[in-house]
Amino acid sequence: MVLIYHWSKLKKQLTICFSYVPSHMAIKLLIDFSGKGHYYIVAYPFFVHLSFCSAQKWAVLPKKHSGAELDKPEPSVFVSLNFMQINLSQVRFGLYARKSSVQEDRQALSIDSQLDEGIKGAKIEGLNFTKKYTDSASAHTINNRANFNKLIGDLQSGTINGIWVWKADRLARNPIEGGQIIHLLQTRVIKVIKTPFAQYLPDDNMIGLFIEFGMANQYSLDLSKNVKRGNAKKIQMGGSCGQAPQGYLNNREKKTVEPDPERFDPVRKMWDLYLTGGYSLNEICKIASDKWGFRTRRKRNIGGVKMRPSSLHCIFTNPFYYGKVRCKEHENMGIHQPMISKREFLAVQKLLIPSGKGYSTPYCFPFTNLVKCGECGAAITAEKKVKYACPKCRKQCSAKNPLPCPRCKKTIPEEVIQSGNWYTYYRCTKKKRRCSQKYITERKLEDQFIQVLDELEIDPRFEEISIGWLKILHKDNAAHNEHLLNKFQQNYKKQYRRLESLLDLRLDEELDAETFKAKEKTIIGERDYWKEQLNSLEKNGDERFQEIEKEFTFLEGISREFEKGTINHKKHVLLKIGSNLLLKDRKLALEVKPYLKMILRLKNTGVPPLEPPSTFNTRRQISGLKQKHPEWWAQLDKIYHYFMENAPFMIE
């Protein structure tokens, strides 16, 4: 629909010729009346209420106009019907361009394109641009744009008195800042707001500008609701919202997340290193950068750099890696390939719990952050001491840095200090309460660990025979695995039924919202656990058995490797063998892991088992072994079923 006006040069009057007629009729009317020598002005209403806006831009068609350009007038044929004379060349314009960083502005011109359009329009119309302002932020949020605030400040100070902008919605999409712009325009602080398609002056009717800002604000509100609804639906279907984390890539065609072929395995190795308990975040970052050549994924303006401890901490606290996807309050198990199990994720969270802010030290100790005081429960700390004699007066000193001798005042050389008698002792920090525990030397503490390891250590012959029979047991237990599969499926379906029953109680208003959310979270957690167990048993049955072989290999010669190992290796061994390490009266107490107790009982049965057969003809051989060595076989069977039900086995 269009509105046709008639402008008479002689009378200098504007009269409505035809009110709101269809476009095809307007073209016919223009052609019919073009012979009268007058100009016919056609309004292209952006809004329904455009007829109330006297100062919009109109297309002026000459008397011999054919009407072919009616639907797409050029900016050069626009004039203002407001009779207040304004010289645009004397206005000090501020050129404002904005591009939001969110998806709502995908169809908008880029900042550079908006600036180019402004410069092009300035050359055609003779405009004077005093300053330029650009923002890359959403206009829906108040006080979210630094350069917009500068624009307002320059308008109020008189540095500029006009605004050129690509579209009015670039200026504001919220009622506060939109009202601020309109107020400055009405009070003539802003002389003119100019766009390529419209121009707003102080004497104009402001309904059009109000409507344009209002529509921009409503568009943002509707878009926000639609995006939230879409994200919730995507999470419900197991999809992921936003950028994929390190080790994964976004497949933009399929709208899915897939493993990054270049970084998936290195990131998995980072998890493995931290799960040993012997490496800090800094050490893992250094290994990944220097030894593996790992660099983060390159994006437009960031990435392609070494892994930082803060970034690695974000990886280790992101549940996406064990399969959970979430967006705001919505979460679900995703359809992407998990990198780790939930058991491993929870183990890492325990290792990440800070033990206190402490001070930095140039020394590393293998047993700190592992052992606690058996009397007060405080952490056990370590100190390094040195004793040496002054080379001149032979006075005994203990300073770790070159300092003057207390007796002869001669500075003691660094070589003398380094060649002195160095020793380390451990003691309670006594931070919780008064504690009577005394110190213990590192050598004596390490000897106690070695005693425990000596009991757990197995010889190669025992390992070979045990693994051989476990392999036969694994082949014979296909039926048991089927039983486990059914058990996991039943438990998984049970949690679904519990969730449906809980929802029915909520709909019947028998539960309040807070209780419902708490119970729902618990049930969803159990459902996800059984889903993970189900997937692991279906896909990784052989991998579960491989964990048994790894643990038997780990125990072979463990005592010797502990003595010769590095600090990181010693920490890894201690975390693997036990938990709840306590030191009281200079004696170590620890709780050995359940699977190690089983292997220790198997070792202590004292029965020399038969050699495992080279071929699997089983029933008769297994039956014979059960009869001859029932205790040994029962213990072996316990070990097998424990690993099959609890693996993959890492730090608990």
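Scoring rules and cut-offs
Residues numbered from 1 in each chain as written. Predicted model: local features only at pLDDT ≥ 70, side-chain atom pairs only at ≥ 80, totals over all residues. Heavy atoms only, no water. Helix = DSSP H or I, 4+ residues; strand = E, 2+ residues; numbered from the N terminus. Buried < 20%, exposed > 50% of the residue type's maximum accessible area, 1.4 Å probe, protein only. Contact = heavy atoms within 4.5 Å. Areas by Shrake-Rupley, 256 points an atom, 1.4 Å probe, with all protein chains shown as cover. Pairing = 2+ DSSP bridges. Axes fitted to C-alpha atoms, helices over the stretch in contact; angles between N-to-C directions. Phe/Tyr/Trp six-rings, centres within 6.5 Å; stacked < 30°, edge-to-face > 60°. Core = buried A, V, L, I, M, F, W, Y, C linked by side-chain atoms within 4.5 Å. Salt bridge = Lys/Arg side-chain N within 4 Å of Asp/Glu carboxyl O.

Asker: Describe the overall build of the chain, and please don't skip the residues or the numbers.
Answerer: Tallying secondary structure elements over the chain gives 20 helices and 21 strands in all. Taken over 652 residues, the chain has a buried fraction of 43%. Across the chain, every contact between residues at least 6 apart in sequence was considered, and the portion connecting residues at least 24 apart equals 64%. Accessible surface for the chain amounts to roughly 36,800 Å². Of this, 52% is attributable to carbon and sulfur atoms.

Asker: Go over the environment of Ile152 with me, naming the residues and quoting the values.
Answerer: Relative to the assigned elements, Ile152 resides in helix α3 (residues 146-157). Between the C-alpha atoms of Ile152 and Leu184, which are 32 residues apart in sequence, the distance is 9.0 Å. When sequence neighbours within four positions are dropped, the list of residues in contact with Ile152 reads Gln180, Ile181 and Leu184.

Asker: So, the sheet that holds strand β7 (residues 128-135): which residues are in play, and what are the values?
Answerer: Taken in spatial order, the five strands line up as β7-β6-β8-β9-β10 in an open sheet, and their pairing is mixed. Edge strands, defined here as strands with exactly one partner in the open sheet, are β7 and β10 (199-200). In the packing of helix α2 (residues 111-125) onto the sheet, contacts are made with β6 (92-98), β7, β8 (162-165) and β9 (192-194), and the angle to β6 comes to roughly 155°.

Asker: Lay out the packing of aromatic side chains in plain terms, naming residues and giving numbers.
Answerer: Two aromatic rings are characterised by how far apart their centres lie and by the angle between their planes. Taken as a whole, this structure holds 20 aromatic pairs when the rule is applied. Taking 5.6 Å as the distance between ring centres and 90° as the angle between the ring planes, the aromatic pair formed by Tyr248 and Phe264 counts as edge-to-face. Remark: Phe264 occurs in helix α6 (residues 264-275) and Tyr248 occurs in strand β11 (residues 248-251); sequence separation between them is 16 residues. Here Tyr248 and Phe264 have matching classes, each one buried.

Asker: Summarise the nonpolar core; cite the residues concerned and give the values.
Answerer: Formed by 56 residues in total, the largest nonpolar core has its most connected members in Val371, Phe449, Leu470, Phe552 and Ile577. The next biggest cluster of nonpolar side chains, apart from the first, holds 32 residues, and it includes Leu275, Phe320, Tyr321 and Cys327.

Asker: Describe in detail the pattern of salt bridges, supporting the description with residues and values.
Answerer: Following the criterion strictly, the structure yields 20 salt bridges and no others. Glu446 is the salt-bridge partner of Arg443, the closest N and O atoms lying 3.8 Å from each other. Here the residue Arg443 and the residue Glu446 both occupy positions in helix α11 (residues 442-456), the gap between them amounting to three residues, near one helical turn. With a relative accessible area of 8%, Glu446 lands in the buried category. The salt bridge involving Lys576 is made with Glu551; its shortest N-O contact spans 2.8 Å. With Lys576 in helix α17 (residues 567-577) and Glu551 in helix α15 (residues 541-555), this pair connects stretches of sequence that are 25 residues apart. A relative accessible area of 11% means that Lys576 is categorised as buried. One salt-bridge network, in which partners are shared between bridges, spans Arg443, Glu446, Asp447 and Lys570.

Asker: Please provide a residue-by-residue account of the sheet that holds strand β17 (residues 396-397), values included.
Answerer: Spatially, β17-β16-β18-β19 is the arrangement adopted by the four strands of the open sheet, whose pairing is antiparallel. Edge strands, defined here as strands with exactly one partner in the open sheet, are β17 and β19 (440-441). Two strands pair when backbone bridges link them, and strand β16 (residues 380-389) and β17 are joined in this way by two bridges, in the antiparallel orientation. Across the sheet, Ala389 pairs through a bridge with Gln396, a residue of β17.

Asker: Describe unusual backbone geometry, with residues and values.
Answerer: Non-glycine residue Arg188 carries a positive phi angle of around 65°. Note that Arg188 resides in the loop between α4 (175-186) and β9. Classification of Arg188 as partly exposed rests on a relative accessible area of 38%. A positive phi angle, close to 65°, is found at Lys409, a residue other than glycine.

Asker: Outline the side chain of Asn251, listing residues and values.
Answerer: Looking at the element boundaries, Asn251 is found in strand β11. Owing to a relative accessible area of 17%, Asn251 belongs among the buried residues under this scheme.

Note that all results are geometric; they support no functional claim without further evidence.
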